[in-house]
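Residue-level listing of the chains:
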Amino acid sequence: MVNVRNITGLERTFFNLRLKISTFFYFLSSLRKGELSMQEFILVLRRLLLFVSRMKQNKFVNIEGKTRLGLYIPGFPSAAFHTACRKFNQFEGKMPCTTVLLSITSACPYHCQHCYQKLDKGKDVDIKVLIGIVRKLQEMGVAFFNIEGGEPFFAYERLKQVCQAIDSRSEIWINSTGAGMTKERLAELSGLNVTAVMFSLHSPDAKLFNKFMGKDSAWETMKAGVEMCHEAGLAVAFNTCLMREDFYNGIFEGIMEAAKDFKACLIQIIKPKPAGGWLEKGVVEFTPQDIKYVKGRVNHYNLHKKMARYPAISAQIIEEDKSVFGCTAGGTDRFYINAKGDLQPCEFLNISFGNIIKDKFEDIYSKMRTCFTWGGEGYLCESCSQEIHRLYEENGLDTLPLTPELSEKIYSSWERGRKTDLYERLERMR
């Protein structure tokens, strides 16, 4: 079973010191080689200190000797962690993106009502094309690959080939329901730079979970998958999409208990998004009071001594706050490629800047980055959802994301809001 433990108290203090010293000497070697000027060396360290300061409310977790500060930050020490750090030594042009969510297949045995891929219809990208893109992404500085489907184990050969194409410069996590998973497959993946498998856990009650997933065997499949991951030496994580009331009626606490019992290293809390199956539903409102309450509950689990044994929480409602990172979609720090090859700013924003089968990747990526030069305070997946749904309906579409032509009607006139304080300060450090 994989060795997972949380870093708290005095140990966390010493870890922070070790992290700073190690990073200092890592970039000192670049200074000695002439790759950085003295001014750039100082600026890189200042940028990194500023970035890490925004994770002071995170619970750090050690997985097999490597400590992660947040969901999308590779474990330290590792080559992948250093890849992520090199984002901050870019002083000409935009800082590179470090995280990609990559869907390798649309095949899935489940029928989740909320699924943001519910209307993503089309043929899966040719595997040779996909592997070529993966290699380009590594050269661009992507340090974290989050691979999903559909259900990626339903296209296991594709999954394995993609993982084989990613070397130690990046870390891999896989999103799965457990369907199609076997001990033999997990054993193979454990030797291919894969750190963890993230399962969905939208209710601690088996019957409600099965209803949510649209399949009576969903809970048992997930449970069996978790056990197989532990046996294979792969860390287990969860994601959960909770409605406003779930933070008041005990569901949130029930999920945290279940995640602890399943020996999870981390749980991601996803704010309900108006995308895919929920595009027509619209924005699920959280009042300022709700947001304050949710933040308090998350911070209680992450920071209170009595909660030290519970898994770390990565909550979008905190990370996307303007005081932390804001929206980092569109390559500011992450973006999404769906199974049929559409380049999207994120999985919850149903627009496309082009398709990697039809268009040159560098061109569509560059087009996207011109619209996302910095982290923003606005949540485009929410503010643009009604217009996306209107265009979807008016044009008689039966698939998402919107075509690149229709998507341009969205991004050519949207209001992204102000830069977040973090990215404004990072950009000034030049």
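Predicted model only: the values in this text are computed from it and were never measured. (Residues numbered from 1 in each chain as written. Predicted model: local features only at pLDDT ≥ 70, side-chain atom pairs only at ≥ 80, totals over all residues. Heavy atoms only, no water.)

Attention now moves to the overall build of the protein chain. Along its length, the protein chain carries 16 helices and 12 strands. For a compact globule of 430 residues, the expected C-alpha radius of gyration is about 22 Å, and the protein chain comes in at 21 Å, within 12% of that figure. Going through the 430 residues of the protein chain one by one, you find that 59% of them count as buried. Accessible area for the protein chain stands at about 18,300 Å²; split by element, carbon and sulfur atoms hold 51% of it. Averaged over its 58 positive side-chain charges, the protein chain has a centre that lies 6 Å from the centre of its 50 negative ones. (Helix = DSSP H or I, 4+ residues; strand = E, 2+ residues; numbered from the N terminus. Rg over C-alpha atoms; globule rule 2.2 N^0.38 Å. Buried < 20%, exposed > 50% of the residue type's maximum accessible area, 1.4 Å probe, protein only. Areas by Shrake-Rupley, 256 points an atom, 1.4 Å probe, with all protein chains shown as cover. Lys, Arg positive; Asp, Glu negative; His and termini not counted. Charge placed at Lys NZ, Arg CZ, Asp CG, Glu CD.)

Per the counting criterion, the structure on display carries 28 aromatic pairs. Measuring from ring centre to ring centre gives 6.0 Å for phenylalanine 144 and tryptophan 173, while their planes differ by 55 degrees; the resulting arrangement is tilted. With phenylalanine 144 in strand β5 (residues 144–148) and tryptophan 173 in strand β6 (residues 171–175), this residue pair connects regions lying 29 residues apart in the sequence. A relative accessible area of 1% means that tryptophan 173 is categorised as buried. On the numbers, 5.2 Å between centres and 80 degrees between planes, the contact of tyrosine 301 with tyrosine 310 is edge-to-face. Across the pair, tyrosine 310 and tyrosine 301 agree in class, each one buried. The residue whose ring lies beneath arginine 12 is phenylalanine 60, and the NZ or CZ to ring-centre distance is 3.8 Å. Lying across the ring of tyrosine 310, lysine 260 places its NZ or CZ 5.2 Å from the centre. (Phe/Tyr/Trp six-rings, centres within 6.5 Å; stacked < 30°, edge-to-face > 60°. Lys NZ or Arg CZ within 6 Å of the ring centre and 35° of its normal.)

Further remarks concern a nonpolar patch on the surface. Taken together, the side chains of Leu10, Phe14, Leu17, Ile21, Phe24 and Phe25 present a nonpolar region at the surface, about 620 Å² in accessible area. Structurally, the position occupied by phenylalanine 24 is in helix α1 (residues 9–32). (Patch = residues over 30% accessible without salt bridge, like charges linked within 9 Å, V, L, I, M, F, W, Y side chains within 5 Å. Salt bridge = Lys/Arg side-chain N within 4 Å of Asp/Glu carboxyl O.)

The space that makes up the second largest pocket amounts to roughly 890 Å³. Along the walls of the second largest pocket sit 45 residues, with His114, Cys115, Tyr116, Gln117 and Glu148 positioned nearest its centre. Here the residues of the lining of the second largest pocket sort into 16 nonpolar, 19 polar and 10 charged. (1 Å grid on protein atoms, 1.4 Å probe; cavity = no way out; pocket = protein on both sides within 12 Å on 5 of 7 lines; lining within 4 Å. Points joined across faces, edges and corners; volume = space filled by probe spheres on them. Nonpolar A, V, L, I, M, F, W, Y, C, P; charged D, E, K, R; others polar.)

We now examine the sheet that holds strand β10 (residues 312–315). The sheet built from nine strands is open, its strands ordered β10-β9-β8-β7-β6-β5-β4-β11-β12 with mixed pairing. Bordering the open sheet on either side are β10 and β12 (343–344), each of which pairs with just one other strand. Sheet analysis places strand β9 (residues 266–270) next to β10, joined by four bridges and oriented parallel. Among the inter-strand pairings, isoleucine 269 is bridged to a residue of β10, identified as alanine 315. Along the sheet, helix α8 (residues 218–232) makes contact with β7 (194–200) and β8 (235–241), crossing β7 at roughly 165 degrees. (Pairing = 2+ DSSP bridges. Contact = heavy atoms within 4.5 Å. Axes fitted to C-alpha atoms, helices over the stretch in contact; angles between N-to-C directions.)

Before going further, it helps to spend a moment on the environment of arginine 47. One can find arginine 47 in helix α2 (residues 38–53). Put simply, arginine 47 and phenylalanine 372 are 325 residues apart on the chain and 19 Å apart in space, counted from C-alpha to C-alpha. If near-sequence neighbours (up to four positions away) are discounted, arginine 47 is found in contact with Phe88, Gln90, Phe91, Met95, Leu426, Met429 and Arg430. From its side chain, arginine 47 meets the backbone oxygen of methionine 429 in a polar contact 3.3 Å long. (Polar contact = N/O pair within 3.5 Å; in protein donor to acceptor, adjacent residues only side chain to side chain.)

What follows is about the UniProt feature "domain: Radical SAM core" (unreviewed entry) in the protein chain. Within this structure's numbering, the places UniProt gives as "domain: Radical SAM core" (unreviewed entry) are residues 94–311. Annotated as residues 94–311, this span is 37% helix and 16% strand, and its ends, taken at the C-alpha atoms, are 34 Å apart. (UniProt positions renumbered as here; feature names shortened; annotations may be inferred.)

Residue class for phenylalanine 24 comes out partly exposed when judged on its relative accessible area of 32%. Between the alpha carbons of phenylalanine 24 and arginine 46 there is a distance of 11 Å; along the sequence they are 22 residues apart. Once residues within four sequence positions are removed from consideration, phenylalanine 24 is found in contact with Phe41 and Leu45.

Let us look at unusual backbone geometry. Glycine aside, negative phi is the norm for most residues, and most peptide bonds take the trans geometry. Residue proline 77 follows phenylalanine 76 across a cis peptide bond; omega there is 0 degrees. Inspection of the secondary structure puts proline 77 in the loop between β3 (66–68) and α3 (79–85). Unlike most non-glycine residues, asparagine 193 shows phi in positive territory, near 70 degrees. With respect to the secondary-structure elements, asparagine 193 resides in the loop between α6 (183–190) and β7.

This part is about the sheet that holds strand β1 (residues 4–7). A sheet is described by the order of its strands in space; here three strands give the open sequence β1-β2-β3, paired in antiparallel fashion. Edge positions in the sheet fall to β1 and β3, since each has one partner strand and no second. Here the average twist between neighbouring strands, direction ignored, is 30 degrees. The pairing of strand β2 (residues 60–63) with β3 spans three bridges and is antiparallel. Each bridged residue has a counterpart across the sheet, and for asparagine 62 the counterpart in β3 is threonine 67. Along the sheet, α1 makes contact with β1, β2 and β3, crossing β1 at roughly 85 degrees.

This paragraph deals with empty space enclosed by the protein. Following the criterion strictly, the structure yields four cavities of 30 Å³ or more and no others. There is about 60 Å³ of room inside the largest cavity. What lines the largest cavity is Asn58, Lys59, Val61, Arg68, Leu69, Gly70, Leu71, Leu266, Ala312, Ile313, Ser314 and Glu319. No other element matches β10, which puts three residues into the lining of the largest cavity. Among the residues forming the lining of the largest cavity, the class breakdown is six nonpolar, three polar and three charged.

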